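The lines below spell out each chain.
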Amino acid sequence: MGEIARTWWLILVRGILALIFGVLALVWPGLTLLALVILFGAYALVSGIFALFAAFKHGVKSRAWLILSGILGIVAGILAFVWPGITSLALLYVVAFWALFSGVSEVIAGIALREMITNEWTLIVGGILSVIFGILLIIWPGAGLLTLVWLLGIFAILYGIAMVVLSFRVKKLAPTP
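A brief report on the enclosed structure follows. (Residues numbered from 1 in each chain as written. Predicted model: local features only at pLDDT ≥ 70, side-chain atom pairs only at ≥ 80, totals over all residues. Heavy atoms only, no water.)

Thoughts on empty space enclosed by the protein
Here is step 1 of the chain: Taken as a whole and assessed by the stated rule, the structure comprises 2 cavities of 30 Å³ or more.
Here is step 2 of the chain: As a volume, the second largest cavity reaches approximately 80 Å³.
Here is step 3 of the chain: Surrounding the second largest cavity, 13 residues form its lining, Arg14, Ser47, Trp98, Ser102 and Glu106 being those nearest its centre.
Here is step 4 of the chain: Residues belonging to the lining of the second largest cavity are distributed by class as follows: 5 nonpolar, 6 polar and 2 charged. (1 Å grid on protein atoms, 1.4 Å probe; cavity = no way out; pocket = protein on both sides within 12 Å on 5 of 7 lines; lining within 4 Å. Points joined across faces, edges and corners; volume = space filled by probe spheres on them. Nonpolar A, V, L, I, M, F, W, Y, C, P; charged D, E, K, R; others polar.)

In structure tokens, the structure reads:
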């Protein structure tokens, strides 16, 4: 448990990155498709790397779910960079399925960690928000890129808040020097 608490900052960084990404998406809703692809790709790639780092740094039961979430994030980021000219509909589905799979992974990880940390609900809430976001994108794919930008921005801000709250809860578990 102390190992997770000592690297609480990894969760904080993921939350801050999500907040920055969300604010940028809302401030510049008229982003071009290429800019959105690059922004999403960078976020997904960094988030995936941090999830993998956390998975291999900690010997917890939920390691497989963190690994899955990390791999999915990295793959989504690479796809966004390899195919920057994809249509908004294709980007929408990449984002939707990434949100669904990583959200389910986080809910399962939160449930697995409930015996090890308090307030694991923040990880679960982040995962549920991710799943809802993915489902909404699949249900209304024709809503267009502007709607995707707004949904992505709102999701990223809410998810970022959940991760920042979780990071400080986990930090409290660190043994005092």
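Quick word on the environment of Ala76
Here is step 1 of the chain: Locating Ala76 in the fold gives a position in helix H4 (residues 63–82).
Here is step 2 of the chain: Ala76 sits in the buried class, given a relative accessible area of 6%.
Here is step 3 of the chain: A C-alpha to C-alpha distance of 9.6 Å links Ala76 and Tyr43, two positions 33 residues apart in sequence.
Here is step 4 of the chain: In contact with Ala76, not counting residues within four places along its chain, are Phe40, Ala44, Val94 and Trp98. (Helix = DSSP H or I, 4+ residues; strand = E, 2+ residues; numbered from the N terminus. Buried < 20%, exposed > 50% of the residue type's maximum accessible area, 1.4 Å probe, protein only. Contact = heavy atoms within 4.5 Å.)

A few points about the nonpolar core
Here is step 1 of the chain: Phe40, Val95 and Phe133 are the most contacted members of the largest nonpolar core, which has 36 residues in total.
Here is step 2 of the chain: Those elements giving two or more residues to this core turn out to be helix H2 (8–27), helix H3 (33–57), H4, helix H5 (88–113), helix H6 (121–139) and helix H7 (145–171).
Here is step 3 of the chain: With 10 residues, H7 is the single largest residue contributor to this core.
Here is step 4 of the chain: In terms of nonpolar packing, the next biggest core, distinct from the first, is built from 5 residues, Leu52, Ala55, Leu66 and Ile67 among them. (Core = buried A, V, L, I, M, F, W, Y, C linked by side-chain atoms within 4.5 Å.)

What to know about the packing of aromatic side chains
Here is step 1 of the chain: Applying the stated criterion across every chain, the model contains 8 aromatic pairs.
Here is step 2 of the chain: Three or more aromatic residues joined by ring pairs make a cluster, and in this case those are Phe21, Phe40, Tyr43 and Trp98. (Phe/Tyr/Trp six-rings, centres within 6.5 Å; stacked < 30°, edge-to-face > 60°.)

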